[in-house]
Amino acid sequence: MKGLRFQIQQLSQRCNWHYVGLAAVLLLGAVLRFWQLDAKPLWLDEIITAIFSLGHRQADLPLGVAFSVSQLKQIFTLNPGVSCAQIAQTVSTESVHPPLFFCLLYRWISWLNPNSENWIWALRSLSASMGVGAIASIYWLSRVAFSKRAGLMAAAVMAVSPFAVYLSQEARQYTLPMLLISLALVGLVQMQQDLHPGRRLRPAVWLGWVAVNSLGLYIHYFFALVLVAQVMALGGWMLWQRRSIAPRGWMALGLAISGITLSYLPWLTVLLGHISRPETTWLSSREIDWESRIAPIYQAIAGWVVMVITLPVEDQQEYIVILSATLMLIFGAWLVWQVSRGLRKAWSRLEIRPSLLLLTGFVLSVLVQFFAIVYILNKDITVVPRYNFVYYPGVCALLGVALVHLPVRKVVLPFLLVGILSSVLVVNNLAFHKAYYPSRIARDMYVDPETPLMLVGSYTSIQEIALGLSFGLELSEYFPDRPDESLGFAFIDRTDGFEQAWRQLSRVTPDFPLPLNLWVIAAPGMKTRDYPPRLQITHAGEGDRPSRVFCTLDPEEFGRIGFPYQFYRCR
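Residues numbered from 1 in each chain as written. Predicted model: local features only at pLDDT ≥ 70, side-chain atom pairs only at ≥ 80, totals over all residues. Heavy atoms only, no water.

1. Topic: the pairing of strand E3 (residues 487-493)
Extensive coverage of E3 is indicated by the burial of 6 of its 7 residues. Pairing analysis gives 2 bridges linking strand E1 (residues 67-68) to E3, with the strands arranged antiparallel. Bridging across to E3, Phe-67 finds its partner in Phe-489. Of the strand pairs in this sheet, strand E2 (residues 453-459) and E3 are connected by 7 bridges, and their pairing is parallel. Considered in E3, the bridge of Leu-455 is made with Phe-489. Handedness of the crossover joining E2 and E3 through helix H19 (residues 462-476): right-handed. (Buried < 20%, exposed > 50% of the residue type's maximum accessible area, 1.4 Å probe, protein only. Helix = DSSP H or I, 4+ residues; strand = E, 2+ residues; numbered from the N terminus. Pairing = 2+ DSSP bridges. Right-handed = clockwise from strand over helix to strand, strands pointing away.)

2. Some points on the sheet that holds E3
Taken in spatial order, the 7 strands make up an open sheet running E1-E3-E2-E4-E7-E6-E5, and their pairing is mixed. Looking at the sheet topology across the chains shown, the edges are occupied by E1 and strand E5 (534-539). In terms of strand pairing, E5 meets strand E6 (residues 547-561) through 6 bridges, oriented antiparallel. Paired with Ile-537 across the strands is Val-549, a residue of E6.

3. A look at the state of the cysteines
Applying the stated criterion across every chain, the model contains 2 disulfides. Here Cys-551 is linked by a disulfide to Cys-570, with a sulfur-sulfur distance of 2.0 Å. Because the sign of the S-S torsion sets the handedness, a value of about 100° for the bond joining Cys-551 and Cys-570 places this disulfide among the right-handed ones. Of the two residues, Cys-551 is situated in strand E6 and Cys-570 in strand E7 (residues 563-570); the sequence distance between them amounts to 19 residues. Each member of the pair Cys-551 and Cys-570 is classed as buried. (Disulfide = S-S within 2.5 Å.)

4. Focus on a nonpolar patch on the surface
Together, Ile-297, Ile-301, Trp-304, Tyr-375, Ile-376 and Leu-377 make up a nonpolar patch on the protein surface, roughly 590 Å² of accessible area in all. With respect to the helices and strands, Ile-297 occurs in helix H13 (residues 290-305). (Patch = residues over 30% accessible without salt bridge, like charges linked within 9 Å, V, L, I, M, F, W, Y side chains within 5 Å. Areas by Shrake-Rupley, 256 points an atom, 1.4 Å probe, with all protein chains shown as cover. Salt bridge = Lys/Arg side-chain N within 4 Å of Asp/Glu carboxyl O.)

5. Notes on unusual backbone geometry
That bond from Leu-514 to Pro-515 is cis: its omega, 0°, falls within 30 degrees of zero. Relative to the helices and strands, Pro-515 resides in the loop between helix H20 (498-506) and strand E4 (516-521). The backbone of Asn-113 sits at a positive phi, close to 50°, despite the residue not being glycine. Looking at where Asn-113 falls in the secondary structure, it is placed in the loop between helix H5 (100-112) and helix H6 (119-145).

Dropping the structure here:
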């Protein structure tokens, strides 16, 4: 009896330490995700998230007129009383995304009720919270698929991943799908277990899998790739084991897929309309040559590397880029060698082989779809590393089970330390920079602090309006004193060409004294010579009598980061 009591006590202590370790991993993941959450500037996609999730639409924006910093901040205040149906209607016509994330974020922000000082934190906090939830869900996945130790290791992998931290600090629908993908894979592994001979099908598991995948499809269109990959992985395993799979297993899978399909019928017509919208064409390759055929391969490899290590390679001096890239490749090669050793050891455990095959099949099935999109549909999605969220939970689970079979001091500890260092770099904006560099552009535009400044953005879509708003928000930080008297904005429609846009600009009346400086954001590809040498605006003048004012192009002040921006002096 004493020996049995001693063994029970030891087991209890091990369990307690296990859950202490899990709590520590979750705490570390939370710290890395919420640390300096609002320090980095909002970029184009996050501005669109803010507009829709605060209950606004394009018609609510001040277009074709001059407006102040105070009016700019009004755009980013909550519009109370907006329903999810209204948000869905806006998203269906002005975006190319499903609506559920924006509805959830609207409710989240309404609950937090942020003020003008912390609204960016509130906007990103849902993603950060879902990022922590994804750590817990990947623990559950690996525990169900492999073991408690593998679950803890997979959770640690995701907690310190610079890629996961980066996504968690984006006000976009990436971490919520990651959480749901992990939960869907939990269900998939349990469904596989139900299909073993002598096991009964658990209705709650299969219905839960249907529910999670249905929700995912209403949050991100790429969840369709997740669903197809799950069916390919489980269906492939069932074909391999077809002699031991009862007909009821095939029937259950067919019913589950039918249930997901039926749940998506209300949104299907919107999806078909979104596919043909111009916003979806930006990934298309204009020229098909040998370079465009090879680029997706090394871009995909780079995307895999930054899941585990990210050093400064963006907007850095050449020697820093070379050094950082070399270290990342060396570490990536070392990790591939170590993980292959760990996976071989895991493969020797017969009881986890089915789960290994299933999750490996899931990851490979997503990659097959990725490269089919690249080479058949001619849309290079590998150029955007964040899209790897689609299969990242599967990668985490496989890394976790591999690392748990490797030495802690020689492999696991260095891996986790490199992940923490990389995540710190991400948090401090030394890696995974915001697209279009709003901070750098605002710094470029701050050329003459003593003269009032007006930023003019031309647009054909809400995406280009959001781009200008992101620059405007960052630029407003340079005018903390009397901003309404120093900085203004305007957006002009260039849908019918620039001649019409310049005429619209001539009717814009900024409420500033002369002299006045003007920055004009135009269309991609434009150069200084494509801008008019002089632009005209309307000035209120004394006695409220409007007068024409001409603005002269300054050829020395021109910049381009994706979109060109040209400086004018109005006298």
